[in-house]
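Okay, here's what each chain looks like letter by letter:
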Amino acid sequence: MSENIGNGRPAATVVIVRDMPAAPPHILMMERAASMVFASGALVFPGGAVDPADRALAEALGLDGDVDDIAARIAAIRETLEESGLGIGFDNVLGEAQLTDMRAALADGASLAEVVRAHKLRLALDRLVPFSRWHPAVAEHVTRIFDTRFYLARAPSGQDASVDATENVRLFWSAAQDTIRRCDAGDGRIIFPTRRNLERLALFGSFEAMAAHAASIPVEMVRPWIEERAGERYLCIPDHLGYPVTSEPLGRVRRG
């Protein structure tokens, strides 16, 4: 591992899972706009960078635990609402009109703390289940480096997701393996961490099974590295973190 590891910007991503009767669970995927600097045109889970206001709210809540983790959960809730219109991580029943107002307020520059106060909301941060944490250890061809925490969340009932038409241009619900097949057939592109996480998620038949698996494996920083095997370079990750595929030829890898 000869590459230097820089300080990645804190970020959060949430895998939103909707159980399906007699079928694999569906996961919300969104296609990033081609104009985006990071992962342009790629299929991703909702998420983004942790803003200073997210961390300020995390500190103001005064909860026990890692403030970085709390701030990331707040960012995941905010980004999901901004990007898809779904209200996850709230201990309230949210109607369509209220969600529209909340989303518009965020788009106008309000912080999540301001939205929470204005709508008299209660956060339920424990509804986000820690799943993994990725920090690229390679700088080659990576436009931006993020220290990203991944969470699982159950899809809220009675809510419909919709594109924001700025950061994302398409969204859909799909089983994890179906999304991989879609991309392999040319209808979409996924970057290395997304593919590895979809492969892992495809092993399980319900949100509860995914959450139980996540709880059974302590979250460690996943820092991919490059190694040479029989004259070919591979991008690799550790083999003890629950991922069924832990390497891929570098020539086939799509990164941000």
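Residues numbered from 1 in each chain as written. Predicted model: local features only at pLDDT ≥ 70, side-chain atom pairs only at ≥ 80, totals over all residues. Heavy atoms only, no water.

To continue, consider the sheet that holds strand β10 (residues 232–236). Spatially, three strands are ordered β9-β10-β11 in an open sheet, and the strand pairing comes out antiparallel. The sheet is open, and its two borders are formed by β9 (225–229) and β11 (247–249), each paired with just one other strand. Across the sheet, the mean angle separating the axes of adjacent strands is 35° when strand polarity is ignored. Examined bridge by bridge, β9 and β10 share five bridges and lie antiparallel to one another. Following the sheet pairing, glutamate 227 is matched in β10 by tyrosine 234. (Pairing = 2+ DSSP bridges. Helix = DSSP H or I, 4+ residues; strand = E, 2+ residues; numbered from the N terminus. Axes fitted to C-alpha atoms, helices over the stretch in contact; angles between N-to-C directions.)

Turning to the side chain of histidine 213, a few remarks are in order. Relative to the elements of secondary structure, histidine 213 occurs in helix α7 (residues 207–216). Judged by its relative accessible area of 12%, histidine 213 is buried. In this structure the side chain of histidine 213 is engaged in a polar contact, spanning 2.8 Å, whose partner is the side chain of arginine 200. Beyond its immediate chain neighbours, meaning those up to four positions away, histidine 213 contacts Phe131, Arg200, Phe204 and Gly242. (Buried < 20%, exposed > 50% of the residue type's maximum accessible area, 1.4 Å probe, protein only. Polar contact = N/O pair within 3.5 Å; in protein donor to acceptor, adjacent residues only side chain to side chain. Contact = heavy atoms within 4.5 Å.)

As a further point, take the confidence of the model for the protein chain. A low pLDDT score tells you not to read the predicted coordinates there in detail. Per-residue confidence for the protein chain averages 90 on the pLDDT scale, and 90% of its residues sit at or above 70. Taken element by element, the predicted model of the protein chain shows its lowest mean pLDDT in strand β7 (residues 168–175) (90) and its highest in α7 (98). Taken as a whole, residues 1–5 scores under 50 in pLDDT and shows nine contacts with residues more than four places along the chain or in a different chain. (pLDDT = per-residue confidence, 0-100.)

What follows covers helix α3 (residues 96–107). Compared with the 16 Å implied by 1.5 Å per residue over 12 residues, the 16 Å span of α3 between its first and last C-alpha is a close match. When we look at burial in α3, the residues that qualify are Leu99, Met102, Arg103 and Leu106. Down the axis, α3 shows its buried residues gathered within 95° of arc, on one side only. As for α3, its buried residues are in contact with α2 (67–84) and α4 (112–118). (Expected span 1.5 Å × (residues − 1). Arc of directions from axis to C-beta.)

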